[in-house]
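In case you want the letters, here they are:
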Amino acid sequence: MISIILTCWLYLLIFILCMHMIDHVKRSIFRITSISFIVAVMCGLLLFNFIGPYGRLLVIGIEILFFKYVFPYSWFRILYITVFFEISIAASEWTVGTIAAIFKIPRFDLDNIFYSFYLIASLSFSFIYDFLFAKLYVLTINKNYPKYSWIILILPFITYYFAINVSDFFFSFQTPLEVAFIFFGLIISNFIMLLLYFYSIQVVQMKNELIVLNQKEALLKEKMNIINQYYELNFSFLHQLLHECNLLNIYEEQNNKEKLHALIEKISKRTCKAFNTICTNSSVFNLILNSYLNDVQEYNIDVETWIDCNLSTIEYTDQILLFQSIMDFCIDEIKHGQEDKNIINVCVKEINSKIAIKVECTWNKLNQYKVPIQIQEKYKTYVNISNHDNIYIILILFK
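Summarised in this report is the structure supplied together with it. Just so it is clear, the structure is predicted and the values come from calculations on it, not from any experiment. (Residues numbered from 1 in each chain as written. Predicted model: local features only at pLDDT ≥ 70, side-chain atom pairs only at ≥ 80, totals over all residues. Heavy atoms only, no water.)

### Here's the deal with the overall build of the chain
Here is step 1 of the chain: Helix and strand counts for the chain stand at 12 helices and five strands.
Here is step 2 of the chain: Scored against the burial criterion, the 399 residues of the chain give a buried share of 39%.
Here is step 3 of the chain: Put simply, 72% of the contacts in the chain that link residues at least 6 apart link residues at least 24 apart.
Here is step 4 of the chain: Surface exposure of the chain reaches about 23,400 Å², of which carbon and sulfur atoms provide 63%. (Helix = DSSP H or I, 4+ residues; strand = E, 2+ residues; numbered from the N terminus. Buried < 20%, exposed > 50% of the residue type's maximum accessible area, 1.4 Å probe, protein only. Contact = heavy atoms within 4.5 Å. Areas by Shrake-Rupley, 256 points an atom, 1.4 Å probe, with all protein chains shown as cover.)

### Remarks on the environment of Ile394
Here is step 1 of the chain: For Ile394, the position within the fold is in strand S5 (residues 391-397).
Here is step 2 of the chain: What makes Ile394 buried here is its relative accessible area of 0%.
Here is step 3 of the chain: Along the backbone, Ile394 and Val383 are 11 residues apart, and their C-alpha atoms lie at a distance of 7.3 Å.
Here is step 4 of the chain: Those residues in contact with Ile394 that lie beyond four places of it in its chain are Phe329, Ile357, Lys358, Val359, Tyr369, Asn384 and Ile385.

### Comments concerning the packing of aromatic side chains
Here is step 1 of the chain: Counted under the stated rule, the structure contains 14 aromatic pairs.
Here is step 2 of the chain: Both rings, one in Phe67 and one in Phe71, keep their centres 5.9 Å apart while their planes meet at 40 degrees; by these two values the pair is tilted. As far as the burial class goes, Phe67 and Phe71 line up, both buried.
Here is step 3 of the chain: Here Phe329 and Tyr369 contribute two aromatic rings whose centre-to-centre distance is 5.7 Å and whose plane-to-plane angle is 65 degrees, an arrangement assigned as edge-to-face. Taken together, the residues span a long stretch of sequence, with Phe329 in helix H11 (residues 316-335) and Tyr369 in the loop between strand S3 (354-362) and helix H12 (373-379) at a distance of 40 residues. The pair Phe329 / Tyr369 is uniform in exposure class, with both members buried.
Here is step 4 of the chain: A connected cluster of aromatic rings, assembled from ring pairs, spans Phe15, Phe66, Phe67, Phe71, Tyr73 and Phe85. (Phe/Tyr/Trp six-rings, centres within 6.5 Å; stacked < 30°, edge-to-face > 60°.)

### Things to note about unusual backbone geometry
Here is step 1 of the chain: One non-glycine residue, Asn255, lies in the positive phi region at around 60 degrees.
Here is step 2 of the chain: Tracing the chain through its elements places Asn255 in the loop between helix H7 (177-254) and helix H8 (257-278).
Here is step 3 of the chain: Looking at Asn255, the relative accessible area reads 55%, which means it is exposed.
Here is step 4 of the chain: The phi angle at Lys380 is positive, at roughly 50 degrees, despite the residue not being glycine.

### Things to note about the pattern of salt bridges
Here is step 1 of the chain: The tally for this structure, following the rule as stated, stands at five salt bridges.
Here is step 2 of the chain: As a salt-bridge pair, Lys378 and Asp318 come within 3.0 Å of each other at their nearest N and O atoms. With Lys378 in helix H12 and Asp318 in helix H11, this pair connects stretches of sequence that are 60 residues apart.
Here is step 3 of the chain: Taken together, the shared-partner salt bridges connect Glu315, Asp318 and Lys378 into one network. (Salt bridge = Lys/Arg side-chain N within 4 Å of Asp/Glu carboxyl O.)

Read these as spatial facts, not as claims about activity.
The following block contains the structure:
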């Protein structure tokens, strides 16, 4: 009886020590040691008087209450902590039994020297298994892992099934050596499988984080390029404006009214054009349009926009896809033309609670515009194409 109580107490202390090394317990060690001794006495009495699976289930119930007192986890997590505590005991004693079967060590009795060997060896293997389990368990509560990662801990329950159905853990004495190796391999493979599982999740998680970091870096570079483009365009515009303002002063001093009026008209048109390019009343279209500012200036394109409705019913990614396809088509048509002056007019209105987009651009009869398939299928858009005096007209109605 005393040996059973002592063994139960040592198993409990080793398990709590391993869990404390990985994840600190919420009670004082002295109090836990004292209460664990009381729990060991109760478990020892039950195991001594109730041999079989029912007595073991009562022991498990006591262990669940004790672990709930010790660890700050939910009842469900306490349940499989307890199950794995039982698996650790079975696994350690199976391991010692397997070693004894291989090396033909005599069976122990409480009054011979081999009892100390079996006890120390079982506790040593229990420490190894408990430490591995504690490390694995802490991985399951890692926030970087999926919430369902704890499910993998259910897989070794088959080992526990053998444990509660074998009254003598050292049954491997009377089994062939091959069977002993099978049970030993089952125990070790459970831990190897769990380690590989969690490390594979860690690798996948690191790859995903690396992809996110690369995407953030690419996005940051894109933002920097856009900001730099804005800076260069604004600097160029202001530099030219200052130069023209200086010319205005010169023409005024010379009393050259003809050149003065012509320059004022030129500044007015260019400023109005810049304003229409900057202010579109749509953050998405503004972003798309500003990415084409170099082309707008190079090909002398007059851009006019009139967006007079809320585009929130169209997802941002779809707005980007749609407006970019429109600008790609218009710019491509203008690039291959020979016109000195080109236009892109974009008007967005709400007609009978439906969004209508009208686009006019200089057309050189090269291509025909097609709404992206993703937009067409998702929003069931109606598209009408026409042309008049080398002006290509696109009408898109969202149903």
